[in-house]
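# Remarks on the overall topology
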Number of protein chains: 4
Amino acid sequence: MPPAPARWFASDNAAGAHPAVLEALVASNTGHALAYGQDDWTRRANAAFCELFDRDVEVLFTFGGTGANVVALSCILPPAHAVACSRWAHIAVDEAGAPERFLGAKLVLLDSADGTVSPDDVAGLSTLIGSQHHAPPGVLSLTQTTEMGAVWGVDALRETCSAARALGLAVHLDGARIANAAAALGGRDALRAMVADVDVLSFGGTKAGAVYGEAVVFLDPSRARHAMNLRKQATQLPSKMRYIAAQYEALLAGDLFIELGRRANASATMLYGLLRDIDELDLGLPPQANSLFPRLPSTVKERLQEWSFFWDWDPRDRRVRWMTAWDTSDDDVMRFADGVRWALEHADN
Amino acid sequence: MPPAPARWFASDNAAGAHPAVLEALVASNTGHALAYGQDDWTRRANAAFCELFDRDVEVLFTFGGTGANVVALSCILPPAHAVACSRWAHIAVDEAGAPERFLGAKLVLLDSADGTVSPDDVAGLSTLIGSQHHAPPGVLSLTQTTEMGAVWGVDALRETCSAARALGLAVHLDGARIANAAAALGGRDALRAMVADVDVLSFGGTKAGAVYGEAVVFLDPSRARHAMNLRKQATQLPSKMRYIAAQYEALLAGDLFIELGRRANASATMLYGLLRDIDELDLGLPPQANSLFPRLPSTVKERLQEWSFFWDWDPRDRRVRWMTAWDTSDDDVMRFADGVRWALEHADN
Amino acid sequence: MPPAPARWFASDNAAGAHPAVLEALVASNTGHALAYGQDDWTRRANAAFCELFDRDVEVLFTFGGTGANVVALSCILPPAHAVACSRWAHIAVDEAGAPERFLGAKLVLLDSADGTVSPDDVAGLSTLIGSQHHAPPGVLSLTQTTEMGAVWGVDALRETCSAARALGLAVHLDGARIANAAAALGGRDALRAMVADVDVLSFGGTKAGAVYGEAVVFLDPSRARHAMNLRKQATQLPSKMRYIAAQYEALLAGDLFIELGRRANASATMLYGLLRDIDELDLGLPPQANSLFPRLPSTVKERLQEWSFFWDWDPRDRRVRWMTAWDTSDDDVMRFADGVRWALEHADN
Amino acid sequence: MPPAPARWFASDNAAGAHPAVLEALVASNTGHALAYGQDDWTRRANAAFCELFDRDVEVLFTFGGTGANVVALSCILPPAHAVACSRWAHIAVDEAGAPERFLGAKLVLLDSADGTVSPDDVAGLSTLIGSQHHAPPGVLSLTQTTEMGAVWGVDALRETCSAARALGLAVHLDGARIANAAAALGGRDALRAMVADVDVLSFGGTKAGAVYGEAVVFLDPSRARHAMNLRKQATQLPSKMRYIAAQYEALLAGDLFIELGRRANASATMLYGLLRDIDELDLGLPPQANSLFPRLPSTVKERLQEWSFFWDWDPRDRRVRWMTAWDTSDDDVMRFADGVRWALEHADN
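Residues numbered from 1 in each chain as written. Chains lettered and ligands numbered in written order. Predicted model: local features only at pLDDT ≥ 70, side-chain atom pairs only at ≥ 80, totals over all residues. Heavy atoms only, no water.

### A word on the pairing of strand S7 (residues 214–218) of chain A
Residues and elements named next belong to chain A. Judged by how many residues are buried, S7 sits mostly within the fold: 5 of 5 residues are covered. Burial along S7 is two-sided: the face carrying Glu 214, Val 216 and Phe 218 and the face carrying Ala 215 and Val 217 are both buried. In terms of strand pairing, strand S1 (residues 58–62) meets S7 through 5 bridges, oriented antiparallel. Each residue of the ladder has a partner; that of Val 59, found in S7, is Val 217. (Buried < 20%, exposed > 50% of the residue type's maximum accessible area, 1.4 Å probe, protein only. Helix = DSSP H or I, 4+ residues; strand = E, 2+ residues; numbered from the N terminus. Pairing = 2+ DSSP bridges.)

Next comes the structure, spelled out in structure tokens:
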């Protein structure tokens, strides 16, 4: 096989941290700073978020993404209510039941092909409301970029949010890959428009180039009333918080996170362009952000995974996931495309 | 007042990261590494822990200390049982109810002056066993170094563990400051002896000089059967795990964590030595590790806190806490002692 | 319209208690008896269950059916695991999230038309096992009679149980209407065969003719190890337990519960027979136990509901539920059939 | 020994149901009635509660007392808050951790000799408020009659409630034995005064002469907003609710429950009067309601328990509990007193 790329197409969390982000972390390692958020980095990062969203947001840093989601949901879910989300939602599929356990709540799954949810399906939740036998949905949790690599258009997102509002539901947006979506939709203005109807946002740092650290952003600060205690109760209160805040300062400075999202997206588009002419390869839809979900014959798949690792996605469907990251280089993409082409050509050996 | 020290005596989590630890984190930022623990740093750190304890331990890294405790407890607590601990235990006092929420369990508090628990008080838990009306204790959770700055002697710790065993309880050791205890008791051999009767240990990294990251160490690996799923469910599965593992590699190399614990302890002892001749100052007992709990007149206290911050401990008792860290310098200690002496001398102005 | 029947076809829990059951409750109201199960009625009812199942079962009485299910599941679900069940399961649809809240666990829904689950769908759960990102299924919960009125044949039930066993799952059977199933399949022998691969059974009393009270029957008594504490923790420990035990004694004496199930089933069959000739009426499948799920034009439906109440089932499908009870008389059935016929004939007015 | 009494002094839940209450249950067994509270008995019982408290209360029936407490607390506890209660509270001592599990919340125990709590101790909870490291108390749960047999005076109760209000806490009253307290304080007017500052009351039926069934009474109906769903989620929604409602109708008719409480109290007072002259018997304080907590030599205790059973209370203190019930007769009291006297006189044999 041709030489393997320097970086895998396994996941954006296999990537390292961006140098500017890591430098900011290192630079914050200076003397003593009070723990638990009473430090200058945290204050500055909060201000940077207010500026980013052009309004008075309340920000709570957490260690990880599942933690951010769980904290966010716990702040807006009324007692004895359920969380509605797509059947592909990370909170439903990939968090090992953490939301059910911390919230003590049911997740109601809505049908979805690409991780988005239609306003009609949200409206259909009305049948669960008003009976003491059902846990009525109290929150709609959406994901942007979705787990299937789709990017909600601003209007589509707002229509689905409106359907939720019409039923009295609060809206959570899982933005573990919000950077890729912001980049795909044109940047900071699109980001602001995207969250117009969102109560609380999980703003991803780790997949966008950080070492660790996520941010729970309350677009509606009144929702943050019990947030600090809930964060601690969810085991998500970082003691040396400056190290997370410093990374976010770097990510937000000059919209670096959007630039990094843009790079990852461009690599996925480039990969798609290099392979789309191969008739026998079902690449799926063109990437909207930083992932492709091709179908591969299993011998080809296994040979490729040994050569440069990536994850199976849906074994029943023989789909895999190729995901780019902020640090995927053009050379990585070209080598990977070469390898795929080579493996398909030598599929029978 | 005299010039303030460069570092506070507020907490060991106000300290930064040790250069070697931070360098290890930075050095691990090289290319792609699979997430969630499937990386070389994690493998090496696991091996280092086996070597440290001289047995086959199972190690799970977590983001933070409350998370480590909650994961550890969830792995060893039988259904419908309670956790017994001292009334000063961090899990009981300072974790905002995280254990109760994640475990769905009651904490039964045992009387204690200094954070240690007597074998007799443990034996007294027998009255809660055998009735369907009570949640029987299933785990005894101890802390070393205790929240009150006490260091369990190896024999005392083992006697209390034995009392727990006699009732069929598993034993958890909250070692957020295990480095200080290991240093106080003489190092690696003492550490190994300390955990002889412990099922699972929260091995603190953050307070010992790390940026972030804790380790749940299963001295009895059979207890780790469901640990990986429980960690994820507790929102404590780090995606880019190499950054935590790399820090632990550095902390364990050459027993650096013990050396850092020793430095912090030495600073506390030095501070005590510099101030013990002041008759009107109730310094409390000599420090066993890295903290003193003196009583101060409130005007003196407030003047000192403005000058170089530290925390109140028990307002009813007018006690404060002075805590040293791995980076507290002799100069810091001397300046702080000078300030205290000055403030007491000028108490009336 | 013709005269309405004396009893509704709304639900078997709208029926009262059978005279023999009520008499047993009344007869147990004699002097003092120790609370919480230390009474003679409870001992005798336990013995009657052992005789019924012809083996050494462990029985815990609870107040209600949701409580029985939650207690049963909590006894057999391993830590951090999920419960798999049909998408029609009472635990998933009609318990307001009680299982998620008490268990802290996710429910994984399996596709189903009639409330039964295929061995293949159970086998497909294997994809959720072995990853730290998913809550692996630890229990398969089935319902007999299903919520859609289907009765599992003994062989079909055992095949699905075997598929669960093959994956290492424990099996719970929600038998809120086990009496109807036992009657449909021929009685006591069928009942014994039905539970051959079941770990724990919720044995319904309320719908079978009791005032209140359900029984959690551990076919595998080793699963009951923590059951008494879990029952209390689930708020399901009755203090004056003799009143429930006495009712079960009456229900089990001479297999009264099976006779009552047989009566309810016969009424449903009779109703189906009286209406099957009406071409324009979609009655659904012939009843296997005590319910029919016909489709009705909405004006007809509303007129009938005002006349003799019954519940809508699936509004999207225009299906309603007609359910018979142990006390439904032939006269009730004939009158109800007459009313349905009349309403359909006068549908246009 | 002299002949044993016909009824034990073990507990008021060892007593049966009062004839009028049982008759009401039996009389409600007439034809069909919609389940889950949509029946005439439930409507009438609700109205009777409004009349009893002379205001518009919201009432939810539950199966049992632990269930009533858990439902009540879940309706008034803010997110991430703790429940404060006396260290003798039933919710803390005798409910096997059910509150911690369902609420996911910590219980903060307040010191108490007799089950009452001082306003000062409540005020001291302020130190737990305002820190993200603690679960701030959100509810004060008190018990009337207390678990130690004390009856709060109306003024004392209101002062402690006021201290809770001053900190922003809601107030729950566990009234499993409210009937005895109402009787002790003079009846209906005292009952109304008692709950003047209470948000939600667990109104005991079982110990007051019912077969089963408790009532959660929302003195502030706005607190009941999510109550129906929380009740179902707590597994405490009775299906055939008429049977509980009918019993409450009977208990409230002509203030029967107060009369029954009065009888139990009178028996305890009579027992105290018959034994107070025995110098070597430490009877404890005169009974305020229906229990005494004497100290007995262990041989005397065991001989008496074999003769007519009662429970140990605090083994460390050699205290036992003698408890009367609504059905304790004068003859029972006289025989029991004779037996105690006899056993003490023959203590050495």
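Moving on from the model shown.
### Describing the relation of the copies chain D and chain A
Of the transformation placing chain D onto chain A, the axial shift is 0.0 Å and the rotation is 180 degrees, giving an RMSD of 0.0 Å. What the rotation and shift describe, once combined, is the action of a two-fold rotation axis. A share of 100% of interface residues in chain D that are also interface residues in chain A marks the association as one of identical surfaces. (Least-squares fit on C-alpha atoms with pLDDT ≥ 70 in both. Contact = heavy atoms within 4.5 Å.)

### With respect to the interface of chain B and chain A
Every contact between the two is made by 55 residues of chain B and, on the other side, 55 residues of chain A. Carbon and sulfur atoms supply 57% of the area buried between chain B and chain A, which totals about 4,300 Å² over both sides. Broken down residue by residue, the surface that chain B buries against chain A is led by His 32, Arg 101 and Lys 240 of chain B, which jointly contribute 19%. Viewed at the interface, chain A and chain B are joined by 0 salt bridges. In this structure, the connection of chain B to chain A is made through 34 residue pairs in polar contact (both at pLDDT 80 or more). Residue assignment for the side of chain B that touches chain A shows that the elements contributing at least two residues are helix H1 (19–27), helix H3 (65–76), helix H5 (98–103), helix H10 (227–233) and helix H11 (242–252) of chain B. Counted by class, the side of chain B that touches chain A contains 27 nonpolar, 19 polar and 9 charged residues. (Buried area = accessible area lost by both parts, 1.4 Å probe. Salt bridge = Lys/Arg side-chain N within 4 Å of Asp/Glu carboxyl O. Polar contact = N/O pair within 3.5 Å; in protein donor to acceptor, adjacent residues only side chain to side chain. Nonpolar A, V, L, I, M, F, W, Y, C, P; charged D, E, K, R; others polar.)

### Some thoughts on the relation of the copies chain B and chain A
Once chain B has been moved 0.0 Å along the axis and rotated by 180 degrees, it coincides with chain A to within an RMSD of 0.0 Å. Of the residues that chain B buries at the interface, 100% are likewise interface residues in chain A, meaning the two copies contact each other through the same surface.

### Regarding the interface of chain D and chain A
Listed as interface residues are 20 residues of chain D and, on the opposing side, 20 residues of chain A. At the boundary of chain D with chain A, total buried surface from both sides reaches about 1,700 Å², with 56% on carbon and sulfur atoms. Joining chain D to chain A, the criterion identifies 0 salt bridges. Connecting chain D to chain A are 8 residue pairs in polar contact (both at pLDDT 80 or more). Residues that form the side of chain D that touches chain A fall into these classes: 9 nonpolar, 9 polar and 2 charged.

### Concerning helix H3 (residues 65–76) of chain D
Residues and elements named next belong to chain D. Helix length check: H3, at 12 residues, gives a terminal C-alpha distance of 17 Å against a target of 16 Å (1.5 Å per residue), a fit within 8%. With 11 of 12 residues buried, H3 lies mostly within the body of the structure. Residues of H3 that are buried: Thr 66, Gly 67, Ala 68, Asn 69, Val 70, Val 71, Ala 72, Leu 73, Ser 74, Cys 75 and Ile 76. (Expected span 1.5 Å × (residues − 1).)

### Overview of the confidence of the model for chain A
The predicted coordinates ought not to be read in detail in places where the model reports low pLDDT. Confidence in the prediction of chain A, expressed as mean pLDDT, is 97, and 100% of residues score 70 or more. Across the interfaces of the predicted complex, the ipTM metric reaches 0.97, alongside a pTM of 0.97. (pLDDT = per-residue confidence, 0-100.)

### Some words on the domain arrangement of chain A
Residue and element names in this part refer to chain A. Taken domain by domain, chain A holds domain 1 (19–255) and domain 2 (257–345). For domain 1 and domain 2, the distance between their C-alpha centres works out to 28 Å. If you look at the interface, domain 1 gives 24 residues, while domain 2 gives 18 residues. With both sides pooled, the region where domain 1 packs onto domain 2 buries about 1,600 Å², and carbon together with sulfur makes up 64% of that total. Joining domain 1 to domain 2, the criterion identifies 6 residue pairs in polar contact (both at pLDDT 80 or more). Among the elements of the structure, helix H8 (178–185), helix H9 (188–194) and helix H11 (242–252) are those that each provide at least two residues to the side of domain 1 that touches domain 2. (Domains from an automatic or database assignment.)

### Quick look at the sheet that holds S7 of chain A
Residue and element names in this part refer to chain A. Strand order in the open sheet formed by 7 strands is S1-S7-S6-S5-S4-S2-S3, with mixed pairing between adjacent strands. For this open sheet the edge positions go to S1 and strand S3 (107–110), each flanked by a neighbour on one side alone. In this sheet, neighbouring strand axes are inclined to one another by 20 degrees on average, regardless of whether the strands run parallel or antiparallel. Along the sheet, helix H3 (residues 65–76) contacts S1, strand S2 (82–86), strand S4 (137–143), strand S5 (170–175), strand S6 (200–203) and S7; its crossing angle with S5, the most-contacted strand, is approximately 170 degrees. (Axes fitted to C-alpha atoms, helices over the stretch in contact; angles between N-to-C directions.)

### Points about the packing of helix H12 (residues 256–275) of chain A against helix H14 (residues 330–345) of chain A
Residue and element names in this part refer to chain A. Contact pair H12 / H14: the axes reach a minimum separation of 9 Å and the direction vectors enclose 35 degrees. Crossing hand, H12 versus H14: right-handed. On H14, the residues that touch Ser 267, Met 270, Leu 271, Leu 274 and Leu 275 of H12 are Asp 330, Val 333, Met 334, Phe 336, Ala 337, Val 340 and Arg 341. (Left-handed = near helix turned anticlockwise from the far one by under 90°.)

### Description of the packing of aromatic side chains
A complete count under the given rule lists 61 aromatic pairs over all chains for this structure. Residues Phe 9 of chain B and Phe 336 of chain B carry aromatic rings whose centres are separated by 4.2 Å and whose planes lie at 25 degrees to one another, so their mutual orientation is stacked. With Phe 9 of chain B in the segment before H1 and Phe 336 of chain B in helix H14 (residues 330–345), the pair connects residues that are 327 residues apart, well separated along the chain. With respect to class, Phe 9 of chain B is no different from Phe 336 of chain B; both count as buried. Among the aromatic residues, those joined into a cluster by ring pairs are Phe 49, Phe 53, Phe 61, Phe 203, Tyr 248 and Phe 257 of chain A. The ring of Phe 102 of chain D has Arg 101 of chain C sitting right over it, with the charged end atom 3.8 Å from the ring centre. (Phe/Tyr/Trp six-rings, centres within 6.5 Å; stacked < 30°, edge-to-face > 60°. Lys NZ or Arg CZ within 6 Å of the ring centre and 35° of its normal.)

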